[in-house]
Amino acid sequence: MTLLQQIEEVFQLVVQYGVLLLECAGVAVLLVTAVKSMIGCIKHKPHIRLYLAQGISLALEFKLGGEVLRTVLVRELSELMVLGLVILLRGALTFIIHWEIKTEEARMDEAAGHDGASNERPAKAFLPK
């Protein structure tokens, strides 16, 4: 085995672990967000839809990052086409969720302006404390 082949194997291993790490991070974010959202829904917390949408969006970003990193390992055109379609679908989902977040924030701002109440709004961070 030549040095170049060894370097390629190490590179593939690093990329595979990177993809796995990003995929696991996405799943972890989604699970934590789902559990916190269910608890918040039971406690009737305000703005739980916004929190859930932000968490789903962040999880999709991690998953999308894993898919983009996976393109490094693609060797055939058919694999690249399938991977491109997956990236396109996840990108579309992310776009739709971001649109929903903006709509929900605008609705909250409008509601706060009409009734004059000081509604507590969640921080812009994706995962509130």
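Calculation rules
- Residues numbered from 1 in each chain as written.
- Predicted model: local features only at pLDDT ≥ 70, side-chain atom pairs only at ≥ 80, totals over all residues.
- Heavy atoms only, no water.
- Helix = DSSP H or I, 4+ residues; strand = E, 2+ residues; numbered from the N terminus.
- Buried < 20%, exposed > 50% of the residue type's maximum accessible area, 1.4 Å probe, protein only.
- Contact = heavy atoms within 4.5 Å.
- Areas by Shrake-Rupley, 256 points an atom, 1.4 Å probe, with all protein chains shown as cover.
- Axes fitted to C-alpha atoms, helices over the stretch in contact; angles between N-to-C directions.
- Parallel < 35°, antiparallel > 145°, perpendicular 65-115°, else oblique.
- Nonpolar A, V, L, I, M, F, W, Y, C, P; charged D, E, K, R; others polar.
- pLDDT = per-residue confidence, 0-100.
- Salt bridge = Lys/Arg side-chain N within 4 Å of Asp/Glu carboxyl O.
- Core = buried A, V, L, I, M, F, W, Y, C linked by side-chain atoms within 4.5 Å.

Caption draft 1: Local environment of the overall build of the protein. Scanning the protein from terminus to terminus reveals 3 helices and 0 strands. Along the protein, from the amino end to the carboxyl end, the secondary structure elements read α-α-α. Counting all 129 residues of the protein, 24% fall into the buried class. A sequence separation of at least 24 residues applies to 73% of the contacts in the protein between residues at least 6 apart. When the accessible area of the protein is evaluated, it comes to approximately 9,100 Å², of which 71% is carbon and sulfur surface.

Caption draft 2: Seen up close, the packing of helix 1 (residues 3-42) against helix 2 (residues 48-70). With their axes 8 Å apart at the nearest point, helix 1 and helix 2 run at an angle of 170° to one another. In terms of orientation, helix 1 and helix 2 fall into the roughly antiparallel class. Here the residues of the contact of helix 1 with helix 2 are counted per class, giving 16 nonpolar, 8 polar and 5 charged.

Caption draft 3: How the structure looks around unusual backbone geometry. The phi dihedral of His44 is positive, around 55°, even though this residue is not glycine. Counting through the fold element by element, His44 comes out in the loop between helix 1 and helix 2.

Caption draft 4: Main features of the confidence of the model for the protein. Overall, the prediction assigns the protein a mean pLDDT of 86, with 88% of residues at 70 or greater. Below a pLDDT of 50 lies the segment residues 116-120, which in the model reaches 4 contacts outside its immediate sequence neighbourhood of four places, other chains included.

Caption draft 5: Structural context of the pattern of salt bridges. Enumeration over the complete set of coordinates arrives at 9 salt bridges. Among the salt bridges present, the one from Glu104 reaches Arg49, with a minimum N-O distance of 3.7 Å. Of this pair, Glu104 sits in helix 3 (residues 77-115) while Arg49 sits in helix 2, and the two are 55 residues apart along the sequence. Here Arg107 ties to Glu104 by a salt bridge, and the two come within 2.5 Å at their closest N and O atoms. One end of the pair, Arg107, and the other, Glu104, are both in helix 3, 3 residues apart, so they sit about a helical turn from each other. Classification of Glu104 as buried rests on a relative accessible area of 8%. Taken together, the shared-partner salt bridges connect Glu23, Lys63, Glu67, Arg70 and Arg90 into one network.

Caption draft 6: Here's a closer look at the environment of Met108. In this structure, Met108 sits in helix 3. It is 8.3 Å that separates the C-alpha atoms of Met108 and His47, two residues lying 61 residues apart in sequence.

Caption draft 7: Structural detail: the nonpolar core. If you look at the biggest cluster of nonpolar residues, it comprises 6 residues: Leu50, Ala53, Leu60, Ile97, Ile101 and Met108. Those elements that provide at least two residues to this core are helix 2 and helix 3. Those residues in contact with Ala53 that sit more than four places away from it in its chain are Ile97 and Ile101.

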